[in-house]
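One letter stands for each residue in the lines below.
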Amino acid sequence: MASVSKLGLSFCLVFVTLEAFQAVYLGSVFQTVDSFLVGACVFGISVLACTLITAFFRAGELVASFRSWRILATLNILAAATWCTYFFAIQLIEPAIVFTIFSGMVPLCTVIAGWCGLPEAASRRQKPEMAGNALILLSLLLLGVVTVFGYSGFVRGNWLAGLAGAVLSATSGLCTAYVILFSARLSTKGVGPLAQFGLRFILYTLLALAAYALGLDDKGVRPEPVDLAAVVLVGLGVIAFPLYLVQKAIPLLHPSTIAAMTALGPVMVFSMQLLEGRVDYSAETLTGLIVYMAGALLAVYGTVSQPARPEPGCFRTTS
């Protein structure tokens, strides 16, 4: 495997590891303060820092991004939709199911985008990858049925709430898949990972600030500045930094490979929970998760064994 592919895969692997670590060990840290306030601070700092660094060292990339303002606007809408739909989904159904449906939809929607003719998603897929995606699809259908009919660990309401949670989870994954694809397109316009990471969260930061001002996730207690600073610092390390690593991987790997790697998130979470001795899913949920993990591992094997990398020179920058 070429060194550029190994580097991209390493970025993705660190991403899923940190993402799983945050979900398993640090989830309670973010439950003590307004999630929109944390999101606005984490991504607001990211937007400001990345944009200023780009302006100072690679001003040409900012010019290139403004020339491609339609792609940039699309990325902002997709990124905001990803986080908003994910946040509302975990208010309705079991977080483990939300995370799994979200993660599984990323490779599935990449395949669908390829069928629909989106050039960034086009790829010659190996049989193991296709079989893995089929198992992922089966697992998502199982988890959807489990949720709608009330066999999961948690649904806030009746079957309509379960259905809404499953649909919102799937929508979040769909938006993430297209974030990866349109980020690959923006890379061909000369906009590197640092600039993209800063510029694509502008809309979400503004929406998070508005949601905080409206008190949509008000916990009733205002955190002390020191406590808020600590939570934001953790958020920069386990939310913003892993997402930036995926952004770094986009110019190095084909989007289908990135999608398959990011789908490993639930596998990593489940593995950490096993090590911790904390696996308390219902039998029906556990069945869906096992099918999903088998599919995710098979899909990753199919993409990594013969990864579909972009042609040399396809992307102009890897900053």
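Scroll up a little and you will see the structure.
Rules behind the numbers
Residues numbered from 1 in each chain as written. Predicted model: local features only at pLDDT ≥ 70, side-chain atom pairs only at ≥ 80, totals over all residues. Heavy atoms only, no water. Patch = residues over 30% accessible without salt bridge, like charges linked within 9 Å, V, L, I, M, F, W, Y side chains within 5 Å. Areas by Shrake-Rupley, 256 points an atom, 1.4 Å probe, with all protein chains shown as cover. Salt bridge = Lys/Arg side-chain N within 4 Å of Asp/Glu carboxyl O. Buried < 20%, exposed > 50% of the residue type's maximum accessible area, 1.4 Å probe, protein only. Axes fitted to C-alpha atoms, helices over the stretch in contact; angles between N-to-C directions. Helix = DSSP H or I, 4+ residues; strand = E, 2+ residues; numbered from the N terminus. Parallel < 35°, antiparallel > 145°, perpendicular 65-115°, else oblique. Left-handed = near helix turned anticlockwise from the far one by under 90°. Contact = heavy atoms within 4.5 Å. Nonpolar A, V, L, I, M, F, W, Y, C, P; charged D, E, K, R; others polar. Phe/Tyr/Trp six-rings, centres within 6.5 Å; stacked < 30°, edge-to-face > 60°. Disulfide = S-S within 2.5 Å. Expected span 1.5 Å × (residues − 1).

(A) Expanded view of a nonpolar patch on the surface. On the surface, Trp159, Leu160, Leu163 and Val167 cluster together to form a nonpolar patch covering roughly 390 Å² of accessible area. Judged by its relative accessible area of 37%, Leu163 is partly exposed.

(B) Structural detail: the packing of helix α2 (residues 35-57) against helix α10 (residues 225-249). Put simply, α2 and α10 touch, their axes get as near as 9 Å, and they point 60 degrees apart. Judged by the inter-axis angle, α2 sits oblique to α10. With respect to the hand of their crossing, α2 and α10 are arranged in right-handed fashion. Side by side, α2 and α10 meet where Leu37, Val38, Cys41, Val42, Phe43, Ile45 and Ser46 of the first sit next to Leu228, Val231, Val232, Gly235, Leu236, Ile239, Ala240 and Leu243 of the second. Its residues placed into classes, the contact of α2 with α10 shows 13 nonpolar, 2 polar and no charged.

(C) Geometry of the pattern of salt bridges. Using the criterion set out here, one finds 2 salt bridges in the structure. In this structure, Glu61 and Arg58 form a salt bridge, with 3.4 Å as the shortest nitrogen-oxygen distance. Judged by relative accessible area, Glu61 falls into the buried class, the value being 5%. Judged by relative accessible area, which is 43%, Arg58 ranks as partly exposed. We note a salt bridge from Arg185 to Glu120, for which the minimum N-O separation is 2.8 Å. Of this pair, Arg185 sits in helix α7 (residues 159-187) while Glu120 sits in the loop between α5 (95-115) and α6 (127-148), and the two are 65 residues apart along the sequence.

(D) Up close: the environment of Leu78. Examined against the element boundaries, Leu78 turns out to sit in helix α4 (residues 69-92). Counting along the chain gives 97 residues from Leu78 to Cys175, while the straight-line C-alpha distance between them is 5.3 Å. Among all residues touching Leu78, those that are not within four sequence positions of it are Cys175, Tyr178, Val179 and Phe182.

(E) How the structure looks around the side chain of Asn133. When you line up the elements, Asn133 lands in helix α6. Apart from residues no more than four positions distant in its own chain, Asn133 is found in contact with Pro107, Leu108, Val111 and Ala299.

(F) Spatial organisation of the environment of Leu7. Inspection of the secondary structure assignment puts Leu7 in helix α1 (residues 3-25). A sequence separation of 241 residues divides Leu7 from Lys248, and the C-alpha atoms of the two residues are 9.4 Å apart.

(G) Here's a closer look at the packing of aromatic side chains. Scanning the entire structure with this criterion turns up 13 aromatic pairs. Ring geometry for Phe43 versus Tyr204: centroids 5.6 Å apart, planes at 90 degrees, classification edge-to-face. Of this pair, Phe43 sits in helix α2 while Tyr204 sits in helix α9 (residues 202-214), and the two are 161 residues apart along the sequence. Like Tyr204, Phe43 is buried. Through pairs of rings, three or more aromatic residues link up here, namely Phe43, Trp83, Phe197, Phe201, Tyr204 and Tyr244.

(H) Structural detail: the environment of Leu275. Relative to the elements of secondary structure, Leu275 occurs in helix α12 (residues 265-276). According to the relative accessible area criterion, Leu275 is exposed, its value standing at 77%. Distance in space between the C-alpha atoms of Leu275 and Gln31 is 23 Å, their sequence separation being 244 residues.

(I) Spatial organisation of the state of the cysteines. A complete count under the given rule lists 0 disulfides for this structure. No disulfide involves Cys116; its sulfur sits 9.8 Å from the nearest other cysteine sulfur, which is in Cys109. Among the residues examined, Cys116 registers a relative accessible area of 64% and is labelled exposed.

(J) Just α12, in detail. The terminal C-alpha atoms of α12 lie 17 Å apart, and with 12 residues this matches the ideal 16 Å at 1.5 Å per residue to within 8%. Residues Gly265, Pro266, Val267, Val269, Phe270, Met272 and Gln273 constitute the buried set of α12.

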